[in-house]
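Chain residues, written in single-letter form:
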Amino acid sequence: HHEAELVQTLDHENIARLKRLFPAYHTYFLVMELCEGVDLHELLRRAGALPESQVRPILGQLASALDYVHRLGVVHRDLKPANVMITRHGQVKLTDFGLAVPAVGLDAEARTLDSSVIGTPAFMAPEQLSGGRLDRRTDVYALGCVAFELVTGQHLFGARTFVELVQQKLAL
């Protein structure tokens, strides 16, 4: 329900739109815009590292979507390849605002009220992993991790365990 309330207010060409929300089976279902294509995770699995000429427009559109939600005072908190769709026409659609939270404050230093440690560890900023206060820079960090993976076909950090990953990220 939280995600539906947030997504229904978003109107940007690079964000998947909510079409309908309905209750069933003691939960809520979201009907989202049909984005025929593939998510970045699957694209990377199939193709490996992408050429710069393909990465640039993806990152540009993704940055535009993030700039839009940040201006509205929202931090996505779960930016990762699986949450980015590429349509058949090459349009980027940011999806899955289930972990998104509003930021408090009116400037670039706005922080989220909820500093729970949730997200996808490989793309989480150090402050997100340590339960620190978050702001739009948290999503920018994740965007950098996504960019690295798009051009190399690998995660930014080569850790094999969660503890190793946290140590590598906090050591920077």
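To keep things clear, this report deals only with the structure shown in the data block. (Residues numbered from 1 in each chain as written. Predicted model: local features only at pLDDT ≥ 70, side-chain atom pairs only at ≥ 80, totals over all residues. Heavy atoms only, no water.)

This part takes up helix α5 (residues 136-152). If you check α5, its first and last C-alpha atoms are 25 Å apart, about what 17 residues at 1.5 Å a residue would give, namely 24 Å. Regarding α5, the residues found buried are Thr138, Asp139, Ala142, Leu143, Cys145, Val146, Ala147, Glu149 and Leu150. Its buried side turned inward, α5 meets α2 (40-47), α3 (52-71), β4 (74-75) and α4 (126-129). One or two steps after α5, the chain reaches Gly153, where phi turns positive at roughly 80 degrees. (Helix = DSSP H or I, 4+ residues; strand = E, 2+ residues; numbered from the N terminus. Expected span 1.5 Å × (residues − 1). Buried < 20%, exposed > 50% of the residue type's maximum accessible area, 1.4 Å probe, protein only. Contact = heavy atoms within 4.5 Å.)

Relative to each other, α3 and α5 sit at 170 degrees, their axes nearing to 11 Å. Compared by their axis directions, α3 and α5 come out roughly antiparallel. Across the interface between the two elements, Val55, Ile58, Leu59, Leu62, Ala63, Leu66 and His70 from α3 touch Arg136, Asp139, Leu143, Val146, Ala147, Leu150 and Val151 from α5. Grouping the constituent residues of the contact of α3 with α5 by class yields 11 nonpolar, 1 polar and 2 charged. (Axes fitted to C-alpha atoms, helices over the stretch in contact; angles between N-to-C directions. Parallel < 35°, antiparallel > 145°, perpendicular 65-115°, else oblique. Nonpolar A, V, L, I, M, F, W, Y, C, P; charged D, E, K, R; others polar.)

Once that is clear, we can look at the nonpolar core. Grouped together as the largest cluster of nonpolar side chains are 29 residues, with contacts concentrated most on Leu79 and Leu94. For this core, the secondary-structure elements that each account for two or more residues are α2, α3, β5 (84-87), β6 (92-94) and α5. For this core, the leading source of residues is α3, giving 7 residues. With near-sequence residues (within four places) excluded, Leu94 lies in contact with Asn14, Ile15, Ala16, Leu62, Ala65, Leu66, His76, Leu79, Asn83 and Val84. (Core = buried A, V, L, I, M, F, W, Y, C linked by side-chain atoms within 4.5 Å.)

Turning to the pairing of β5, a few remarks are in order. Burial along β5 is two-sided: Val84 and Ile86 and Met85 and Thr87, pointing in opposite directions, are all buried. With 3 bridges connecting them, strand β3 (residues 37-39) and β5 associate as antiparallel partners. Bridging from a neighbouring strand, Gly37 pairs with Thr87 of β5. Here 3 bridges tie β5 to β6, and the two strands are oriented antiparallel to one another. Paired with Met85 across the bridge in β6 is Lys93. Between the antiparallel neighbours β5 and β6 lie 4 residues, among them Gly90 with a positive phi of about 85 degrees. (Pairing = 2+ DSSP bridges.)

It is worth spelling out the sheet that holds β3 at this point. Here we have 3 strands laid out as an open sheet, ordered β3-β5-β6, and antiparallel in their pairing. Of all strands in the sheet, those bounded by a partner on one side alone are β3 and β6. Looking at each pair of strands side by side, their axes are set apart by 25 degrees on average, direction ignored. Across the sheet, α2 touches β3 and β5, and the angle it forms with β3 is around 90 degrees. Sitting on the sheet, α3 is in contact with β5 and β6, with an inclination near 35 degrees to β6.

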